Amino acid sequence: MNRVVESRLRRRHRRERTFRGLCVASVLVAALFLLVILGSLFRQGASAFTQTRISLPVPAMLPAGDLPDSGAMDYDAAVLDALAALLAIDPDRAERRELRQLVSIDAAFVLRDYVESSPGRVVSDASVRVPASAKVDMAIKGEFDRTAASDRRPLSDLQIDWIDRLVELGAIERTFNTALFTNGDSREPELAGIRAALMGSVLMLLITLAVAFPIGVAAAVYLEEFAPRRAWIRLLELSINNLAAVPSIVFGLLGLVVLIDWLGMPRSAPLVGGLVLALLTLPVIVISSRSAIRAVPTSIREASLGLGASRMQVVSHHVLPQAMPAIVTGTIIGLSRAFGETAPLLMIGMVAFIVDVPSGVTDPATALPVQIYLWADSPERAFAERTSAAILVLLGFLLSMNLLAAAIRRKVEK
Amino acid sequence: MDLTSILLLLAGLAVGAFLFGRSRAQALGGGVGAARNLHSLPDYYGYFAALCAVLPPLMVLTLWAAFEERVVLALLANGLPDHLQALSPGQLDLFLNSVRNAASAASVPADPVLAAATDEYLSLGRSSRWLLSGLAVVLGAGGVAAAWRSIHPAFRARNRVETAIRWFLIAASGVAVLTTVGILLAVSFEALRFFRDVSLSEFLFGTTWSPQAAIRDDQIGSAGRFGMLPLLSGTLLIAVIAMAVAIPVGILSAMYTAEYASTRVRALARPVLEILAGIPTVVYGFFAVLMVAPWIRTIGESLGLNVAAESALAAGLVMGFMIVPLVSSLSDEAIRAVPASIREGAEALGATRSEIALDIVLPAAMPGIVGGILLAVSRAIGETMIVVMAAGLAANLSFNPLESVTTVTVQITTLLVGDQEFDSARTLAAFALGLVLFIITMLLNVVGLGYVRRYRERYE
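Quick caveat, the model's predicted, so the values are computed rather than measured.

Calculation criteria
Residues numbered from 1 in each chain as written. Chains lettered and ligands numbered in written order. Predicted model: local features only at pLDDT ≥ 70, side-chain atom pairs only at ≥ 80, totals over all residues. Heavy atoms only, no water. Helix = DSSP H or I, 4+ residues; strand = E, 2+ residues; numbered from the N terminus. Rg over C-alpha atoms; globule rule 2.2 N^0.38 Å. Buried < 20%, exposed > 50% of the residue type's maximum accessible area, 1.4 Å probe, protein only. Contact = heavy atoms within 4.5 Å. Lys, Arg positive; Asp, Glu negative; His and termini not counted. Charge placed at Lys NZ, Arg CZ, Asp CG, Glu CD. Buried area = accessible area lost by both parts, 1.4 Å probe. Salt bridge = Lys/Arg side-chain N within 4 Å of Asp/Glu carboxyl O. Nonpolar A, V, L, I, M, F, W, Y, C, P; charged D, E, K, R; others polar. Pairing = 2+ DSSP bridges. Axes fitted to C-alpha atoms, helices over the stretch in contact; angles between N-to-C directions. Domains from an automatic or database assignment. Patch = residues over 30% accessible without salt bridge, like charges linked within 9 Å, V, L, I, M, F, W, Y side chains within 5 Å. Areas by Shrake-Rupley, 256 points an atom, 1.4 Å probe, with all protein chains shown as cover. Parallel < 35°, antiparallel > 145°, perpendicular 65-115°, else oblique.

**Looking at the overall build of chain B**
In terms of regular secondary structure, chain B is built from 16 helices and 2 strands. Against the compact-globule benchmark of 23 Å for 460 residues, chain B has a radius of gyration of 31 Å, which places it well outside the compact range. C-alpha extents for chain B along the principal axes are approximately 80 × 75 × 40 Å. Buried residues in chain B amount to 47% of all 460 residues. For chain B, contacts bridging at least 24 residues in sequence account for 73% of all contacts bridging at least 6. The distance from the centre of the 29 positive side-chain charges to the centre of the 32 negative ones in chain B is 13 Å.

Written as structure tokens, this is what we have:
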């Protein structure tokens with residue numbers, strides 16, 4: 001008898017351990033997945049924050065003495081001459097073409113800006129740092145296999161040889177990649193930046209906030225403080241809760257038909273994007289504001305009513321100020337979700353190739369997540385690196401928004 | 001005068017009317033300290049005046065903004081030279097569009113007719129704005145005058161203002177219903193136009209999906225085939241894979257955080273899941289394409305399997321992890337809502353923790369968990385970015401997870417991204433798909449939310 005119980009007990013305990021192990025394992029699996037995602041993004045994206053530049057001696061590029069009229073200079077040729085001088089080679093036409101692939105097309109503009117900003121004479125020992133091309137950038141960062149067959153790598157033997165020589169001469173530097181933050185999108189990976197997309201995202205976020213916050217809080221106040229418990233209120237609640245779970249792409253369809261086709265608003269504009277995201281965020285704000293308002297003790301309402309305040313005064317003088325920190329926290333979390341939203345923006349045409357930073361809410365613009373989607377589609381290795389970097393910037397934004405929300409929550413809990 | 005300055009003007013008007021209404025009330029009540037003679041606090045008279053001054057112009061402004069472009073274009077079309085008026089409506093639209101484009105560009109167009117029309121368009125726009133600002137000022141002044149007449153000590157300004165605010169609150173909560181109705185109306189309107197070309201039964205039960213665009217009307221095979229079964233099967237396949245990851249991992253991790261974890265471990269484990277929930281889907285999509293898909297391919301090939309580059313498995317796996325936090329947080333909530341007395345009863349009878357968790361708590365929390373799972377399925381079906389990036393475009397009617405399948409959301413995106421006309425069956429098909437997607441997810445949401453709520457009420 002005792003043995004039977006003991007063996008069963010052992011079996012039960014074994015089951016207990018297995019189950020517990022499974023539970024722990026599933027948490028660990030989720031954590032591991034998170035680590036792998038973040039790890040691979042960091043590993044791949046970190047290098048995009050630096051940019052390879054080639055520093056070229058000015059005297060080799062420009063004639064000594066007085067500078068010619070800057071409009072008449074062939075800066076492209078000047079850059080190539082300087083590269084050739086630096087490498088001590090006399091390139092023929094084919095070699096010149098290969099040489100050109102080492103520097104970015106932006107190099108000539110950098111040189112021109114330098115000439116135009118230094119009036120008069122050139123300093124004899126000055127040098128100008130021009131951006132290297134994406135291929136060179138990748139080579140310096142060790143992103144491709146040098147030993148691969150020559151038709152399977154982007155640089156020729158000659159070019160690799162030149163790069164090695166430039167490295168020996170100390171002409172190659174890796175500096176902080178400012179272009180990533182100051183430029184708009186570009187076909188050239190080394191010139192592509194996220195500024196335009198970030199600006200578009202921020203504009204949209206402002207519109208979302210301006211529309212969704214007042215409407216969301218007002219709806220929450222009505223539902224919690226004034227609404228009669230009737231059938232249509234139940235319907236209202238159901239539709240809010242349902243909207244919170246409707247696929248975001250459907251909101252994009254709504255924006256496309258109603259805002260763009262029926263109301264004639266401009267395509268690709270932050271205005272339309274912001275409104276669509278506002279509708280998307282609205283249910284989140286309503287739900288979190290409602291629970292914030294519900295958390296305000298009834299005694300406060302009753303005391304205020306007892307002193308003769310109207311119900312509207314109770315709400316505006318007591319309930320809302322008490323609930324505001326939690327409402328703000330919920331709003332920030334809703335906004336951070338809107339910030340990372342991509343699918344509805346594709347519907348309303350925010351996938352255009354945008355170089356210029358939008359200056360108003362009706363200018364064509366794109367958003368940071370959409371930029372990530374567009375770059376992720378590009379086959380070049382250099383764009384993959386930038387995609388990861390843009391994702392890191394996006395996650396940084398979301399993290400700081402959430403930290404802000406957490407800080408507000410903690411401050412109130414004290 | 002542009003819209004921004006008109007709005008600024010209105011804001012100024014509101015402030016002025018507020019100050020004016022308040023001082024008027026104070027004067028009538030007998031000075032600053034004599035508010036006791038008034039029915040309401042002096043500020044309420046100010047708010048009342050401000051509302052009177054701003055609301056009528058705002059209404060006009062809204063109507064104006066909605067109809068201005070259409071009226072201006074109609075006026076412009078009427079004033080055009082005869083040979084342009086004789087154009088077919090489509091060509092006239094085209095011309096009007098080029099006028100609008102020329103107006104937004106800085107340079108003067110080379111074609112003299114176009115240039116004249118553009119000038120006319122711009123001047124019509126200008127006079128429309130001047131008319132609007134004039135009207136706004138007149139209406140605002142009229143509002144202030146009306147407020148002046150109605151303000152007297154017995155006037156119940158607070159009640160008026162509160163009624164206005166109350167209407168605003170009601171309108172604000174109506175926005176959610178309006179959005180739902182708007183989605184249904186807008187999407188079904190376009191979908192109905194689609195069903196004029198393609199029969200409903202072909203759409204629902206057809207097994208071929210190839211929405212080629214007709215370039216010319218007489219082109220062979222220009223109609224395209226719009227049978228959505230392959231899309232549904234693809235969506236289902238990816239959702240099943242995702243749920244196969246999300247349900248066990250989500251529920252077991254909820255079991256851990258609710259039943260086993262100490263407060264400290266719980267405070268560590270929950271944020272991990274919350275971060276997973278906070279990562280944008282485009283990031284998951286990138287991860288699926290860049291890491292998971294090649295990885296699955298390598299493993300599959302080493303086992304001698306034929307894996308597509310854009311396999312359903314990669315998209316489904318990553319989507320599963322994206323959904324884990326949703327399942328686990330709703331399950332966690334359901335598990336923790338099970339009354340302690342039930343748990344303590346089982347403990348007193350000598351049950352182990354796993355027996356309590358599996359035999360007592362899980363059945364008790366089941367409705368809440370099922371509700372959560374339904375919401376998660378709805379999320380999986382409607383998820384777009386992961387599948388757009390990681391699943392394919394080929395509409396295969398297949399349940400092999402290693403093959404490439406496409407989903408409803410992928411097709412909506414491909415059909416609508418880029419410039420397209422609103423009339424082709426190809427574009428309209430996207431709205432028919434959108435309607436199907438909306439209805440399916442709405443049903444899942446409503447049933448799921450019903451489970452979650454009924455369950456909450458049971459133990460409250």
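**As for the overall build of chain A**
Scanning chain A from terminus to terminus reveals 17 helices and 3 strands. At 30 Å, chain A has a C-alpha radius of gyration far larger than the 22 Å of a compact globule built from 414 residues. With respect to the three principal axes, the spread of C-alpha positions in chain A is 90 × 75 × 45 Å. Counting every position in chain A, which comprises 414 residues, the buried fraction comes to 50%. Within chain A, counting contacts between residues at least 6 apart in sequence, those at least 24 apart form 76% of the total.

**A look at the interface of chain B and chain A**
Taken together, the contact pairs 79 residues of chain B with 72 residues of chain A. Summing both partners gives a buried area of about 6,800 Å² for chain B against chain A, and 77% of it is carried by carbon and sulfur. Three residues stand out in chain B for area buried against chain A, namely Leu169(B), Phe286(B) and Phe287(B), and they jointly supply 9% of the buried area on that side. Notably, a salt bridge pairs Arg12(A) with Glu355(B), separated by 2.7 Å at the nearest N-O pair. In terms of residue count, helix α6 (residues 157-197) of chain B provides more of the side of chain B that touches chain A than any other element does, 20 residues in total. When grouped by side-chain class, the residues that make up the side of chain B that touches chain A number 51 nonpolar, 19 polar and 9 charged.

**Focus: the sheet that holds strand β3 (residues 172-176) of chain A**
Residue and element names in this part refer to chain A. Pairing is antiparallel in the open sheet, where 3 strands are placed in the order β2-β1-β3. The open sheet is flanked by β2 (127-131) and β3, the only strands paired with a single partner. Between one strand axis and the next, the sheet turns by 40° as a mean value, whatever way the strands run. Alignment of strand β1 (residues 50-57) against β2, held across 5 bridges, turns out to be antiparallel.

**Remarks on the domain arrangement of chain B**
If you check the domain split of chain B, you get domain 1 (3-155) and domain 2 (225-459). The C-alpha centroid of domain 2 of chain B is placed 49 Å from the C-alpha centroid of domain 1 of chain B.

**Side note on the pairing of β1(A)**
Residue and element names in this part refer to chain A. β1 sits mainly inside the fold: 6 of its 8 residues count as buried. The pairing of β1 with β3 spans 5 bridges and is classified as antiparallel. Across the sheet, Ile-54 pairs through a bridge with Ile-172, a residue of β3.

**What about the domain arrangement of chain A?**
Split into domains, chain A comes out as domain 1 (52-171) and domain 2 (195-413). Put simply, the middle of domain 1 of chain A and the middle of domain 2 of chain A, counted by C-alpha atoms, are 47 Å apart.

**Remarks on a positive patch on the surface**
Residue and element names in this part refer to chain A. Together, Arg-8, Arg-10, Arg-11, Arg-14 and Arg-17 make up a positively charged patch on the protein surface. When you line up the elements, Arg-10 lands in helix α1 (residues 2-45). On the basis of relative accessible area, Arg-10 is assigned to the exposed category, the value being 53%.

**Quick word on the packing of helix α11 (residues 248-262) of chain A against α6(B)**
The N-to-C vectors of α11(A) and α6(B) enclose an angle of 75°; their axes lie 9 Å apart at closest approach. The angle between α11(A) and α6(B) falls in the class roughly perpendicular. The residues of α6(B) that touch α11(A), namely those facing Val250(A), Phe251(A), Leu253(A), Leu254(A), Val257(A), Val258(A), Asp261(A) and Trp262(A), are Thr179(B), Gly182(B), Ile183(B), Ala186(B), Val187(B), Phe189(B) and Glu190(B). When its residues are assigned to classes, the contact of α11(A) with α6(B) shows 11 nonpolar, 2 polar and 2 charged.

**Some details on the environment of Arg3(A)**
If you trace the backbone, Arg3(A) turns up in helix α1. Along the backbone, Arg3(A) and Leu307(A) are 304 residues apart, and their C-alpha atoms lie at a distance of 74 Å.

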